[in-house]
Amino acid sequence: HGQAGTRENYDSLSDLGHRQARAIGEDLARQGIRFERVIAGGLSRQQATAREAMSAFRDATGESTPAIETEPLWNEFDLASVYEGMAPHLSAADPEFKRQYDAMHEAIAASRGAHGAPIHRRWNDCDRAVVTAWVEGRYPFDGETWSAFHARIHEAFSLLTAEMLEEGNVAIFTSATPIGICAAGTFDLHDVRALQFAAVMHNAAITTFRVRANEVRLFSYNLIAHLSDPSMKTFR
């Protein structure tokens, strides 16, 4: 999906995110790619990216596009929920984490919702700490676990590839970690190394998988040639 909103309203697209999404549709139109299905996760930022991209595609080609199907299996994990579950434990166990966590909230307040503020555009040590604790299952957690999330994405990908037409294209609008999990899986990497794939994803990047006779291959990854202006290239 395109660049998301601020930490206080992350499940949305920034103005830049909307422009990035349109650049996807324009690029697909230039390439002459047509789709039999268009699928988006149920999150607002995924849905908005799909709408903008398909609108730009129609504007560029004058052709219709398939109706956008909503499939919540493609949702990103809930970072806010992970913070809620992990941060209290980490704060109690690690004074340095507590200091950084408090400083992060002070920076969020000081930003006054400005989209360009660094606190909204960078993964920081607190983000990495809470996600690592969640992935490792270090503390009790009432939300979706890493293993459950991982299994959900594999279910989504398996269902899709089982339904693939002999010839044809399906567009999926999802998020970095689901893409990382799918990419890692093509190399039989079914563990936390998927996070290393996700960590390098640009906003509004295009990744291609090729399905043939139930074999799935990663054909291209994290392509951003359609984001030719350096100001369009973002990670968060």
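This text goes with the structure placed above it.
Fair warning: this is a prediction, and the values are worked out from it, not measured in the lab.

Scanning the chain from N- to C-terminus turns up nine helices and five strands. Listed by position from the N terminus, the elements making up the chain come as α-β-α-β-α-α-α-α-α-β-α-α-β-β. Here the C-alpha coordinates of the chain stretch approximately 55 × 40 × 25 Å along the principal axes. The contacts in the chain between residues at least 6 apart in sequence include a share of 70% that link residues at least 24 apart. Carbon and sulfur atoms make up 51% of the accessible area of the chain, which totals about 12000 Å².

Let us now look at helix H7 (residues 146-163). Residues lying three or four places apart along an α-helix face the same way, a consequence of the helix completing one turn every 3.6 residues. An ideal rise of 1.5 Å per residue puts 26 Å on 18 residues; H7 measures up with 26 Å between its terminal C-alpha atoms. Taken as a whole, H7 has its buried residues at Trp-146, Phe-149, His-150, Arg-152, Ile-153, Ala-156, Phe-157, Leu-160 and Thr-161. Buried residues of H7, viewed axially, fall in a sector of 160°; they line one side. Facing away from the buried side of H7 by more than 90 degrees, the exposed set consists of Ser-147 and Ala-162.

All right, on to the packing of helix H1 (residues 15-31) against helix H2 (residues 44-61) then. Contact pair H1 / H2: the axes reach a minimum separation of 7 Å and the direction vectors enclose 45°. Taken together, the axes of H1 and H2 lie oblique to each other. When you trace H1 past H2, the crossing you get is right-handed. Residues His-18, Ala-21, Arg-22, Ile-24, Gly-25, Glu-26, Leu-28 and Ala-29 of H1 touch H2, and the partners they reach there are Thr-49, Glu-52, Ala-53, Met-54, Ser-55, Ala-56, Phe-57, Asp-59, Ala-60 and Thr-61. Taken together, the residues that form the contact of H1 with H2 break down as nine nonpolar, five polar and four charged.

Within the secondary structure, Gly-42 is located in the loop between strand S1 (37-40) and H2. The exposure class of Gly-42 is partly exposed, given its relative accessible area of 37%. Apart from residues no more than four positions distant in its own chain, Gly-42 is found in contact with Gln-47, Thr-70, Glu-71, Pro-72 and Asn-75.

Moving on to the packing of helix H4 (residues 95-111) against helix H6 (residues 125-136). Between H4 and H6, the least distance of the axes is 9 Å, while the angle of their chain directions is 120°. The angle between H4 and H6 falls in the class oblique. Handedness of the H4/H6 crossing: left-handed. Between H4 and H6, the residues in contact are Phe-97, Gln-100, Tyr-101 and Met-104 and Asp-125, Cys-126, Asp-127, Ala-129 and Val-130, respectively. Classifying every residue of the contact of H4 with H6 by side-chain character gives six nonpolar, one polar and two charged.

Membership of the largest hydrophobic core comes to 37 residues, with the highest contact counts inside it found for Trp-74, Tyr-83, Met-86, Val-130 and Trp-134. For this core, the elements supplying multiple residues, two or more each, are helix H3 (79-93), H4, H6, H7, helix H8 (176-185) and helix H9 (194-199). In contact with Trp-134, other than residues within four places in its own chain, are Phe-77, Val-82, Met-86, Phe-141, Glu-144, Thr-145, Trp-146 and Phe-149. Ala-40, Ala-53, Phe-173 and Met-232 belong to the second largest nonpolar core, which has 22 residues in total.

Turning to the pairing of S1, a few remarks are in order. As defined by bridge partners, S1 adjoins strand S3 (residues 170-173) across four bridges and the pair is classed as parallel. Bridging across to S3, Ala-40 finds its partner in Phe-173. Relative to strand S2 (residues 68-70), S1 runs parallel, the two sharing three bridges. Directly across from Ala-40, in S2, lies its bridge partner Thr-70. Between S1 and its parallel partner S2, the chain crosses via H2, and the hand of that crossover is right-handed.

Moving on, we come to the side chain of Thr-161. Note that Thr-161 resides in helix H7. Reaching out from Thr-161, the side chain makes a polar contact with the backbone oxygen of Ser-158 at a distance of 3.2 Å. Leaving out residues up to four positions away in the same chain, Thr-161 has contacts with Val-211 and Val-216.

Applying the stated criterion across every chain, the model contains 15 salt bridges. Linking Glu-63 and Arg-34 is a salt bridge whose minimum nitrogen-to-oxygen distance equals 2.6 Å. Of the two residues, Glu-63 is situated in the loop between H2 and S2 and Arg-34 in the loop between H1 and S1; the sequence distance between them amounts to 29 residues. The partner of Lys-98 in a salt bridge is Asp-102, with the nearest N and O atoms 2.7 Å apart. Here Lys-98 and its partner Asp-102 are both found in helix H4, four residues apart, which amounts to about one turn of the helix.

The rules behind the values
- For every chain, the first residue of its written sequence is number 1, and the numbers climb from 1 along that sequence.
- The model is predicted, so local features are restricted to residues of pLDDT at least 70 and side-chain atom pairs to those at 80 or more, both for listing and for counting; the totals for chains, interfaces and linings are taken over all residues.
- In computing side-chain values, all of the structure's heavy atoms are included and hydrogens and water are not.
- Secondary structure elements are defined from DSSP: runs of H or I of at least 4 residues count as helices, runs of E of at least 2 residues count as strands, and each element is numbered from the N terminus.
- Here a residue-residue contact requires only that any non-hydrogen atoms of the pair lie within 4.5 Å.
- Residue burial considers only the protein chains on display, and all accessible areas are found by Shrake-Rupley using a 1.4 Å probe.
- Multiplying one less than the number of residues by 1.5 Å gives the expected span of a helix.
- The cut-offs for exposure are 20% and 50% of the maximum accessible area for each residue type, with area from a 1.4 Å probe on protein chains only; residues under the lower value are buried, those over the upper are exposed, and the others partly exposed.
- Think of the arc as the fan of directions from the helix axis to the C-beta atoms.
- Where helices are involved, their axes are fitted lines through C-alpha atoms of the stretch in contact, as for all axes, and angles between N-to-C directions lie from 0 to 180°.
- Every angle not falling under 35 degrees, over 145, or within 65 to 115 is termed oblique; those three ranges are roughly parallel, roughly antiparallel and roughly perpendicular.
- Left-handed describes a crossing whose near helix is turned anticlockwise from the far helix by less than a right angle; the clockwise case is right-handed.
- Under the scheme applied here, ten amino acids are nonpolar (Ala, Val, Leu, Ile, Met, Phe, Trp, Tyr, Cys and Pro), four are charged (Asp, Glu, Lys and Arg), and all others, including Gly, are polar.
- Throughout this description, the term nonpolar core refers to a set of buried Ala, Val, Leu, Ile, Met, Phe, Trp, Tyr and Cys residues connected via side-chain atoms within 4.5 Å.
- Strands are treated as partners if at least two bridges between them are detected by DSSP.
- A crossover gets the label right-handed when its path from the first strand over the helix to the second runs clockwise, viewed with the strands pointing away from the viewer.
- Two N or O atoms form a polar contact when they lie within 3.5 Å of each other; inside protein one atom must be a possible hydrogen donor and the other a possible acceptor, and for residues adjacent in sequence the pair counts only when both atoms belong to side chains.
- Salt bridges, as used here, are contacts in which a Lys or Arg side-chain nitrogen is within 4 Å of a carboxyl oxygen on Asp or Glu.

Geometric values such as these leave the question of function open.
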